[in-house]
Each structure stands twice: as C-alpha cells, then as structure tokens.
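Fold and contact review
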Amino acid sequence: MSFLHSVRDIFRGRAMGTAGLIWLCVILFAALAAPWIAPFDPLDIDPVNRLTEPGWPHLFGTDHYGRDTFSRCIYGARMTMLIGLGSVAFALVTGGAVGMLSAYFTRLGNFLMRGIDVLMAFPALLLALVLMTLLERSVVNTIIVIGIVYATTTARILFGMTLKLKREVFIDAAVCSGAGHGSILFRHILPNLISPLLVQASFIFAFAQLQAAALDFLGLGLPPEVPSWGNMLSESRIYVTRAPWLLLYPGLLIILSVFSMNMVGDAMRDSMDPRFKDDIAGV
Amino acid sequence: MALLEVKDLAIAVAINGRLVPVVRGISFEVEAGTTLGIVGESGCGKSLTSLAIMGLLEGSQVRITSGSIVFDGQDLLALPPERRRAVMGADMAMIFQEPMTSLNPVYRVGDQITESILQHRRISRAQARERAIELLRLVRIPDPEGRIDSFPHQLSGGMRQRVMIAMALACDPKLLIADEPTTALDVTVQARILDLMKELQAETGMAIMLISHDLGVIAETCDTVAVMYWGKIIETAPAAELFADMAHPYTRGLLASIPVTDREVDRLEAIPSRVPLIGETVTGCAFHPRCGRARPVCADIDPAAIAVSPSHSARCHFPGEDSA
Amino acid sequence: MLAYTFKRLLALVPTLLAASVLVFLFVHLIPGDPAAVLLGDSATPEDVARLSREMGLDRPIYVQYFIWLGHALQGDFGTSVFFRTPVMDVIAGGAETSILLAVLTMIWIIILGIPIGVMSATRHGSWVDQLASGGAMLFASVPTFWLGLYLILIFAVWLGWFPSSGFPSIHEEGGLLNLRYLLLPSLTLAAPNAALIIRLVRASMLDVQREDHVRTARAKGLHPARVAIKHVFRNALISVAAAFGFTFAALISEAVVTETVFSLPGVGQLVVQSILRRDYPVIQGVILVIVCLYMVINLIVDLAYAWLDPRVSLK
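Small disclaimer: the values here were computed from a predicted structure and weren't measured. (Residues numbered from 1 in each chain as written. Chains lettered and ligands numbered in written order. Predicted model: local features only at pLDDT ≥ 70, side-chain atom pairs only at ≥ 80, totals over all residues.)

Interface size is commonly expressed as the accessible surface area that is lost when the partners come together. Contacts between the two partners involve 18 residues from chain C, matched on the other side by 22 residues from chain B. Listing elements by their share of the side of chain C that touches chain B, those giving two or more residues are α9 (212-219) and α10 (224-242) of chain C. Tallied by class, the residues present in the side of chain C that touches chain B amount to 4 nonpolar, 6 polar and 8 charged. (Contact = placed C-beta atoms within 7 Å. Helix = DSSP H or I, 4+ residues; strand = E, 2+ residues; numbered from the N terminus. Nonpolar A, V, L, I, M, F, W, Y, C, P; charged D, E, K, R; others polar.)

Right under this line is the structure:
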C-alpha cells in the first residue's frame, strides 16, 4: 500500500505527470494484451491491399506489404516496453554498480571512472553505432548497446551522489558501529539512492526510445522483420509522399511515449530530495 | 510632516489562492534624520513591512491589502511603476541581511555601485566611477581605487556589507532601510557596521529604519523603537523611555532572553510556548498563550493601544504590571 | 588563461589516447583478418598480404597500435575501401556540409532557444510560459528523422518552397543561395536542441530569480527588463554554458540522422554509409576526428564557463 501512497503523493496536483503515467499504462496494457486486441496478425502479408488509407477494417491503413498498421503499432508497444525496460535495467544495474563502487572504494573508483570518461568521449549515438557494427542486429544486442550508452551517464551521476552520501553523518555512524562494506553499501547508501535512480530511469527510458528509433531508422537497430515503431518508420519513409499516414501513427506513438516518460520523470524529480535534484540530467 | 508615514498597513500572503494576513494594520512614522528600530521575532512581519515600503513585494505571492505609505509627501502605493522606481535606490535605499549573497557575483563591485548612480543621475560613466570611489571611501573601505575593481567573492562579509551601504548611499537617500544588516556578520564586525551607519547618518542627515530581532542592536542605534508581534506593533516608544520602562510583557521577555555577558546570569530566560502560526486564528491578545500575567480578559478581547505616556503606547490590557 | 588552456589540453591527452585504443581495437574485434576486414571483400590476396605487412600484423598488438597511431597523428587513417582515396580526403569532403549545417543549426538554437526561454522565465506561470515549456518538452520528444521527413513532405513536396535533399557546395553555381538546401535540415536538427536550451534557460533563470542579489538590483529602481537581462539572464548563462557540452553531443548524434534523412553529403551520413559499406578505415577515422572535436568543444565550454563566472579561478 505504501507504494501506491507514494505514487499518489508524487502525482497529486501534477496533471501532466499523471497524464503521462496513464498513457504509459495504456502502452503497457497494449504490450501485454497485443495478441487479443490486435485485429490482424502483424506479419500477415496481403499484396492486394497495399498502402490502403486508414479506414475499416484497417484503422491505420496498411503498409507496402499490405500488413495492418494498427496491429503492427500494437505489437510495436511490446518492443517499446522491451527495449525501454531492458536498457533501463541494464544501464541502472551496470552503471549503478560502477558508480556506487567507484565512489565507495576510491582506488578502484579512479580507475573505473576514467574508463567511463573515455566512453563518454564518444557522443551517445556514435557509441551506439560503433557498438552495433560489432554486433548482429537483434533485440538483445540493441538493449545491451543502448544500455551501455546510458550506463555511462548513470555511473557518473551515481558516483557523485554516493560521494555526497559518504560524507553524511549517518554513514560515519554506521562505520563506527562496525557495519561492513556490504551492509553500508546496501543497507545505508543504496536505499537513499532509490528515488533518484527511479527518476533517472524514467529519463533513460525516454532517451532510449529516441535512440532505438534512430538506430532502427539508420538500419542498425532491431532486425527489419521485427514490428517496432522505429522499423515501421524506417520502412515506410520511401512511401512518405504516397502514404504519409504510414509515418504518422508510429511517429505519434513514439512522441507520446517519450513525452509521457519525460513528464513522469519531471513529476518525480519535482517531488524528490532536493540534495540530488541538480544531479539528474533530464531533457 | 514626517518623512515616512505608514498608516494601517496590512499585508497578506497568497497561499493556495487564499490570502493569509501577515501584517495586520500597523502605523508608524519616521522623522527626517532619525532612526526607527523595528524589533520582533522572525515571522512577525517586520521584513515584509520593510519590503512593502521599499516596493519589493511586486511579483511575489505577497500583497498589500490595505493602508497607505506616504514618503516625502508622495503616496507610494498610488504611484505608477515608473515613478515608484524613480524613488527606489534614489531617495529611499535599502540594505539586506545577507551581504554574502546580496551582491551579484558576476559583476565588479564598482560596476554595481555605478549602476545605481547611472540609473538616477544624468552623469558620465567616468564621473559615476569617481563617485563610486568616493562612496567606498565614505564607508571606510581601505584602498577604494583598488577595491572598486574587486569581485564580491574577493571581499569579506563585513566589506561586502560596506559595499552594500555604499551602493545604498549612491544617490544620497533621505531614508535608508536596513533589514537585519548585521545579523550575518561576526560580533566585532557588527559593531563596526552599526557605528558606520550612525556616523554616516550624522554626516548625511538621512533617516534610518532599522529592522532587527536583536534588542541590543536596536538599543544601541535607535531614537524610536517599535516592537512587533504577530503582525502588529505591540509597543512603541522613544528608545530611552522604552528601555527604562517596558510596558508590554513581550518586550520584557525579548530583553530577558538576551544573554548579558557582563553580569552573572543564573539561567537564560526564554519566552515560553510559541508564536501562533501564520493563518492561525487567535481570539483575544495574540500573546496571551505565552504571557505570564494573562487574565481571562486577555483571551477574549484584543487590546487596543493604550498610552502609557504621551510618546509611549502598548497593546496590553495591563501595561507595565510585573508578572506574578 | 593561456596556461590554463594548455594544461587542460594536456589533460585531454590520456582520455584521447584511451579513446584511440578503443577505435584501434574496434577493427580487431571484427571477426576475420584485420587486413582483409580493412580492405573489404574485393581485395586480392596480394593486397591483403601487403597491408598485413604494413600494419605489422605479425608483430605484437601494442606495436601494431603504435604504428597505427603514428600514422593517425599525421592524419593518415589509411585508404577508403569504397572510395579508394585517403580517408582524410573523404572526411574533408564532408566537412563543408557538416560545418555549415552546424553553424546554421547553432543560429537557430540561439535565436529560438534563448528568447523563448527568457520569455518563459520572466512570465513564469503565464500561458506564454506554459505554451513555451510544454512545446519545448514536446519537441524534445520528437524523433529527429520523423520531424525531418514531415518537413520534407510539407515544405519540399507539397509546398515546393525548399529542395528536399542534397547540398551542392556553396562554391558551386548558386553560391550562398545553396544554403537554402540546409534550411530544413538545420531546422530539423535545431528543434530538439532549441527545446533543450529553452528548458535550460528557463530553469536556470527561475533559479537565479530567487537569489538575493536580484532583489538588490530591483532595489536600485532598475527597469524589470533590465533586471531580467543584466542580472538574471547573465547569471543564468553560467549554468546554461555548463550544460552546453551535453547539447553538443546530442547535436552530433542527431546530425548523423539528419544528414541521412536529407541525403546531405556530410560527415554524419559518411559514418552511417561507411558502417553499412563496412568501410572500416573511414569509420575509424571519422570516429576519432569526431571524438577529438567533441573534446575540444567541451574544453571551450569549460573555458567559456570560467570566463562567465569570475568565481571560478583558472588555476
């Protein structure tokens, strides 16, 4: 119950944040229930009905293979959630571990954080592109690559926050009372970082969507047969003059999702511990 | 006519769209060339009063709900913004509590002083700079020709407050409002800044309105004192008279809570209980829950100002009585 | 200032060396003989053998690295597999487009981002502010290529006001008028970044507005507009400058996409094309050039930051 209460406290009086949260729930529902709500198979090819305009029974029209755009959009929600949650989890776990441990064990930290500096010398999409050239196009690899990119920023942010926490009196108190490294890290430091981590997670989720869509568009993201919003845009770009609506729906879905995630992040940041507010990089 | 006449000034803060009174109708006057001290605990409304007089409430959640402020014959609240700004920083100037943050960190102190001069006087930049150096000398800053090009962070707190004073004096104000000018400073620096203000007053003949929570500071500098409690002036008198004979129990409490170092103190007296919160409703005298000599009438009826002497009044049903 | 700049430049060297190691190793991580990888599919066995010798593939890997680095420091990243010309020439060929695109984009970002951000902050809470900050958030959420495609559709295809793709050099026929080819691309690229600057300017001005020295400035009787510009905006610039490096990274990333959408012959499209063509020498070269550029930009940002804030001492 306390979880629901804190959700209520964060979003009370923040209309945009609440709207964002509701939209994300809709996307999550679409992702989970895709086989039941999609009227057609997203991969079913229908050469007779190519590039039909939005109408009945194809609500959002059909693409150049005659596949139902509406159904593909619904299945695309799965990819959105998968890529978003996957890369967020990867970035937070690896980046979080590197940042926290680096701040806590300073000698190891000097070494690790220099490594992070080197990775951050590459602009985000460029790093992702280079990594993708080494890997095969697949869902897992896309998640890993985007995860690595945002692990660097996460590491740097958590490094700063852990350093701040280390100077707090309650950590000294824990050390004095004989707590071990593990206990200090997991029972005293980590719980204080949960809420900034969640805020960071929502911003990474938003960035990851845009990054994944860009990779798909450049032909270096998900395999082309996967129905993701980015791939749909990439495939239909050459039909933009003949069937401009093909780009409209997946594009709007991406914008709405990224916008919602940013709004949720904003709402969470506003309600956050002021000590860490300046550390989080939002849009 | 007095230089500054404040009548029935009431100020409220907008909290969630509701106006909550903070200053509840206060009246006082400042005569040219004299010093008025306003004393009270934090939250009593003394700072808001000074900001209202200066004209710095605009754009905040705070509104003047009634009353008038007449300065030098002009009703300030009726002036259009442009004419109001012509008074600010010219005939009326203000210095603030935090010298560390009250100067803009990115400009040299000289530029910040000349900005004020150039705003109100039609003189050249070079002349303004001359004037700024003169002002720095006036506030006893050593090496003013060198210091004028310092950035604020290169100066100590006391020096910065001197710069603030120099800036305030830039256009020979008739009234200087000083809101807790020494609170953030070391005790020794405090005394020097207060002495400086007194000397400058003697030299320029300006009036000073000094806001402080510290009765000691007030006693040292003021001609007249007004004590504020919960948005009202509860006692006012010439300083000498007030310190000789305090009529309101709150004023006595304030004095008793100052640690005096040159005599043996057995225990530090504090005023018991707490000030009512902003927006809280209190029937009767606002001080009665904390008052040692409160009687039934105090809880029912808010006392009007009672004259203890021709120049001394207090809002208390039983002024001057000793507590039981 | 000069000594500080020099010191900071020196401090970049280790990071740059580490980045160059990554770029070097990159080719070795691709399965197959690096010489064959670098020469591409059409290479003869003789070519491969010759390049193997040149690269010192029979020698320890760190020796290979230093051979490669020695060449790279002289601007020699090898020969493009696709163009059959030196990599540096290929990169230089895209420089004009990319630099002009960056300059135009910067102009958009500044003339759109700063005034709207200032207006939003000075009218905090008004409908202007809500529209501006909501719009900024929306534009920050739009995929660059999607915006680009619709701008092409509307302004090039339907209205026919601007060309839809390509960019002839300003040295070709048409001269500076050819910049119209870059108008839509620069707007596309500017949109999300101007949105970022709007939010940044607004947020930092709102922070500064609460500071005590602003009250001092108002107490001088200054006009509100003067207070907003000379005292609030000037101080807010410090944190805007600090975040500018971040904007620039985003700009580089999005330039890659934008140049692809508008088929611009710039460095960004070169990266993507080279990756798709498996033209590894070019990939290595471009990446290293961009990393250097990005680090220099960050240094300039830091210097600007120190210049804007007298409290930061250059020691």
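From this point, the narrative continues.
All right, on to the nonpolar core then. Membership of the largest hydrophobic core comes to 168 residues, with the highest contact counts inside it found for Ala128, Ile146, Ile204, Ala208 and Ala214 of chain A together with Val201 and Val286 of chain C. In terms of residue count, the dominant contributor to this core is helix α9 (residues 181-217) of chain A (17 residues). Each of two domains, domain 1 (2-72) and domain 2 (87-308) of chain C, supplies a minimum of three residues to this core. Listed in part, the 94 residues of the second largest apolar core include Val22, Leu56, Val227 and Leu254 of chain B. (Core = buried A, V, L, I, M, F, W, Y, C linked by C-beta atoms within 7 Å. Buried ≥ 20, exposed ≤ 12 C-beta atoms within 10 Å, placed from the backbone. Domains from an automatic or database assignment.)

Here we take up the UniProt feature "domain: ABC transmembrane type-1" (unreviewed entry) in chain A. Per the UniProt entry, the sites bearing "domain: ABC transmembrane type-1" (unreviewed entry) are residues 77-265 of chain A in this numbering. The span residues 77-265 of chain A is 83% helical and 0% strand by assignment, and the distance between its end C-alpha atoms comes to 20 Å. (UniProt positions renumbered as here; feature names shortened; annotations may be inferred.)

Attention shifts here to the environment of glycine 33 of chain B. Residues and elements named next belong to chain B. Within the secondary structure, glycine 33 is located in the loop between β2 (18-30) and β3 (35-39). Here glycine 33 falls in the partly exposed class, since 15 other C-beta atoms lie within 10 Å of it. When the C-alpha positions of glycine 33 and glutamine 201 are compared, they lie 7.1 Å apart, and in sequence the two are 168 residues distant. Sequence-distant contacts of glycine 33, that is, excluding residues within four places in its chain, are made with Gly205 and Ala207.

Residues and elements named next belong to chain A. Where helix α10 (residues 229-236) contacts helix α11 (residues 245-270), the two axes come as close as 9 Å, and the packing angle between them is 150°. Relative to α11, α10 is oriented roughly antiparallel. Crossing hand, α10 versus α11: left-handed. Every residue of α11 that contacts α10 at Trp229, Met232, Leu233 and Ser236 is listed here: Leu246, Leu247, Pro250, Gly251, Leu253 and Ile254. Here the residues of the contact of α10 with α11 sort into 8 nonpolar, 2 polar and no charged. (Axes fitted to C-alpha atoms, helices over the stretch in contact; angles between N-to-C directions. Parallel < 35°, antiparallel > 145°, perpendicular 65-115°, else oblique. Left-handed = near helix turned anticlockwise from the far one by under 90°.)

This next bit is on the pairing of strand β7 (residues 175-179) of chain B. All names here are of chain B. Counting buried positions along β7 yields 5 of 5 residues, so the element is predominantly enclosed. Alignment of strand β6 (residues 92-95) against β7, held across 4 bridges, turns out to be parallel. Across the sheet, methionine 94 pairs through a bridge with isoleucine 177, a residue of β7. Bridge count between β7 and strand β8 (residues 207-212): 5 bridges; the pairing is parallel. Paired with leucine 175 across the two strands is alanine 207, which belongs to β8. In this fold, β7 hands off to helix α7 (residues 187-204), which returns the chain to β8; that crossover is right-handed. (Pairing = 2+ DSSP bridges. Right-handed = clockwise from strand over helix to strand, strands pointing away.)

Turning our attention to the sheet that holds strand β5 (residues 74-75) of chain B. All names here are of chain B. Spatial ordering of the open sheet is given by β2-β1-β4-β5, a layout of 4 strands whose pairing is antiparallel. Either end of the sheet is taken by a strand with one partner, and the two such strands are β2 and β5. The sheet contact formed by strand β4 (residues 62-71) and β5 spans 2 bridges and is antiparallel. Counterpart to valine 70 in the pairing with β5 is aspartate 75.

Residues and elements named next belong to chain B. Between its terminal C-alpha atoms helix α3 (residues 109-120) stretches 18 Å, which fits the 16 Å expected from 12 residues at 1.5 Å a residue. Along α3, the residues classified as buried are Val109, Gly110, Gln112, Ile113, Thr114, Glu115, Ser116, Ile117 and Gln119. Those residues of α3 hidden inside the fold are in contact with α4 (125-138), α5 (144-147) and α6 (157-168). (Expected span 1.5 Å × (residues − 1).)

Residues and elements named next belong to chain B. Within the chain, aspartate 172 stands out as a residue other than glycine whose phi angle is a positive 50°. Mapped onto the fold, aspartate 172 is located in the loop between α6 and β7. Here aspartate 172 falls in the partly exposed class, since 13 other C-beta atoms lie within 10 Å of it.

A word on the interface of chain C and chain A. Opposite the 36 residues of chain C that make contact, chain A presents 33 residues. Those elements that provide at least two residues to the side of chain C that touches chain A are α1 (2-29), α6 (127-140), α7 (144-158), α8 (183-209), α11 (244-261), α12 (267-277) and α13 (280-308) of chain C. Sort the elements by how many residues they give to the side of chain C that touches chain A and α11 of chain C lands first, with 7 residues. Considering only residue class, the side of chain C that touches chain A consists of 31 nonpolar, 4 polar and 1 charged.

Residues and elements named next belong to chain B. What the 8 strands build is an open sheet, ordered β6-β7-β8-β3-β9-β10-β12-β11; its pairing is mixed. Bordering the open sheet on either side are β6 and β11 (306-309), each of which pairs with just one other strand. Going across the sheet, the axis of each strand differs from the next one's by a mean of 20°, ignoring polarity.

This brings us to α8 of chain C. Since the α-helix packs 3.6 residues into each turn, any two residues three or four apart lie on the same face. A maximum bend of about 40° is found in α8 of chain C at alanine 191 of chain C, where proline proline 192 of chain C lies one to four positions downstream. Among the 27 residues in α8 of chain C, 22 count as buried, and that is most of the element. (Bend = angle between axes of the 7 residues up to and from the residue.)

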